[in-house]
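Structural description and commentary
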Amino acid sequence: MPAYKRILLKLSGEALMGDDAYGINRSTIVRMVREVQEITQLGCEVAVVIGGGNIFRGVAGGSVGMDRATADYMGMLATVMNALALADTMRQEGMTARVMSAIGIDQVVEPYVRPKALQYLEEGKVVVFAGGTGNPFFTTDTAAALRGAEMGAEIMLKATKVDGVYTADPKKDPNATRYPSLTFDEAIIQNLQVLDATAFALCRDQKLPIKVFSIFKPGALKRVVMGEDEGTLVHV
């Protein structure tokens, strides 16, 4: 039996690139969708928040000289593109997914309405949240914390390139060790960048635990959902 009934999975846009320089790598997105499918078959209700960094980043080089709010809105549109790609791949794999956007693009995706999103989850559909929070200056990590709290998720799973939170950068320091678990306070004291400060504070206030794990490690998502020692758990 899975350890969690309802989860919020935060996928970065970069995760969709695979080994490509930008955009969406077909084999990578299919592999991720199959990992998600595996946990839905265990009876887990899955909501996904997707980033847009593979297409456009509001805080990165392409937006130099641009108004921050404008750049952030462009980033939100990038998340909608990713959400559509993710949901379509899910459809092709025989899953039922619904995209809900925090910014209104009614001809393309339905707007985010909390009771409807909850209904979809209860029906066993995967809900993909696009458009971040719908506001500039807030990251998709913050959107994940927000949607996780709104959906009553038991845990927020942050899918990254590394398989957890380490004492130091494992690429630079061969002696770096992975924390199996941490409290929110320990993460703050040791200045470990688990999420950005706003997202982290929201999870802490709402007592929403965070699990940091590698989406590139085959089977890691299933192991996390089954409650096995995979990644790093950040808890109250």
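Residues numbered from 1 in each chain as written. Predicted model: local features only at pLDDT ≥ 70, side-chain atom pairs only at ≥ 80, totals over all residues. Heavy atoms only, no water.

Details of the overall build of the chain
When helices and strands are counted, the chain shows seven helices and nine strands. When the backbone C-alpha atoms are referred to their principal axes, the chain occupies close to 50 × 50 × 35 Å. Taken over 236 residues, the chain has a buried fraction of 51%. Counting every atom, the chain has about 10900 Å² of accessible surface; 52% of that belongs to carbon and sulfur. If you average the places of the 25 positive and of the 27 negative side-chain charges in the chain, the two averages end up 2 Å apart. (Helix = DSSP H or I, 4+ residues; strand = E, 2+ residues; numbered from the N terminus. Buried < 20%, exposed > 50% of the residue type's maximum accessible area, 1.4 Å probe, protein only. Areas by Shrake-Rupley, 256 points an atom, 1.4 Å probe, with all protein chains shown as cover. Lys, Arg positive; Asp, Glu negative; His and termini not counted. Charge placed at Lys NZ, Arg CZ, Asp CG, Glu CD.)

Some words on unusual backbone geometry
A positive phi angle, close to 75°, is found at Phe137, a residue other than glycine. The topology assignment puts Phe137 in the loop between strand S5 (126-130) and helix H4 (140-151).

Some points on the UniProt feature "binding site: UMP" (unreviewed entry) in the chain
Under the UniProt annotation, the feature "binding site: UMP" (unreviewed entry) is placed at Gly52, Asp72, Thr133, Gly134, Asn135, Pro136, Phe137, Phe138, Thr139 and Thr140. Spanning 89 residues, the annotated positions come together in the fold, the maximum distance between their C-alpha atoms being 14.4 Å. The topology assignment puts Gly52 in the loop between strand S2 (45-50) and helix H2 (68-92). Residue class for Gly52 comes out buried when judged on its relative accessible area of 9%. If we skip the residues at most four places from it in the chain, Gly52 touches Gly13, Gly75, Ala78, Thr79 and Asn82. Looking at the element boundaries, Phe138 is found in the loop between S5 and H4. (UniProt positions renumbered as here; feature names shortened; annotations may be inferred. Contact = heavy atoms within 4.5 Å.)

Let's talk about the environment of Thr40
Relative to the helices and strands, Thr40 is located in helix H1 (residues 26-40). Sequence separation of Thr40 and Pro2 is 38 residues, and the distance between their C-alpha atoms is 10.0 Å. The residues touching Thr40, leaving out its near neighbours within four places in the chain, are Val46, Met95 and Val126.

Notes on the pairing of strand S9 (residues 232-235)
Here S9 shows a clear split, with Thr232 and Val234 buried on one side and none of Leu233 and His235 buried on the other. By the bridge criterion, three bridges tie strand S7 (residues 181-183) to S9 in an arrangement that is parallel. Its bridge partner lying in S9, Ser181 is registered against Leu233. Two strands pair when backbone bridges link them, and strand S8 (residues 210-214) and S9 are joined in this way by three bridges, in the antiparallel orientation. Across the sheet, the residue bridging to Lys211 is Leu233, located in S9. (Pairing = 2+ DSSP bridges.)

A closer look at the packing of aromatic side chains
Under the counting rule described, the total for this entry stands at two aromatic pairs. Centre to centre, the rings of Tyr112 and Phe129 are 5.5 Å apart; their planes meet at 80°, and the pair counts as edge-to-face. Pair noted here: Tyr112 is in the loop between strand S4 (110-111) and helix H3 (114-122) and Phe129 is in strand S5, with a separation of 17 residues, a long-range link. Here the two residues Tyr112 and Phe129 agree in accessibility, since each one is buried. Aromatic pair Phe184 and Phe200: ring centres 5.1 Å apart, planes at 70°, arrangement edge-to-face. (Phe/Tyr/Trp six-rings, centres within 6.5 Å; stacked < 30°, edge-to-face > 60°.)

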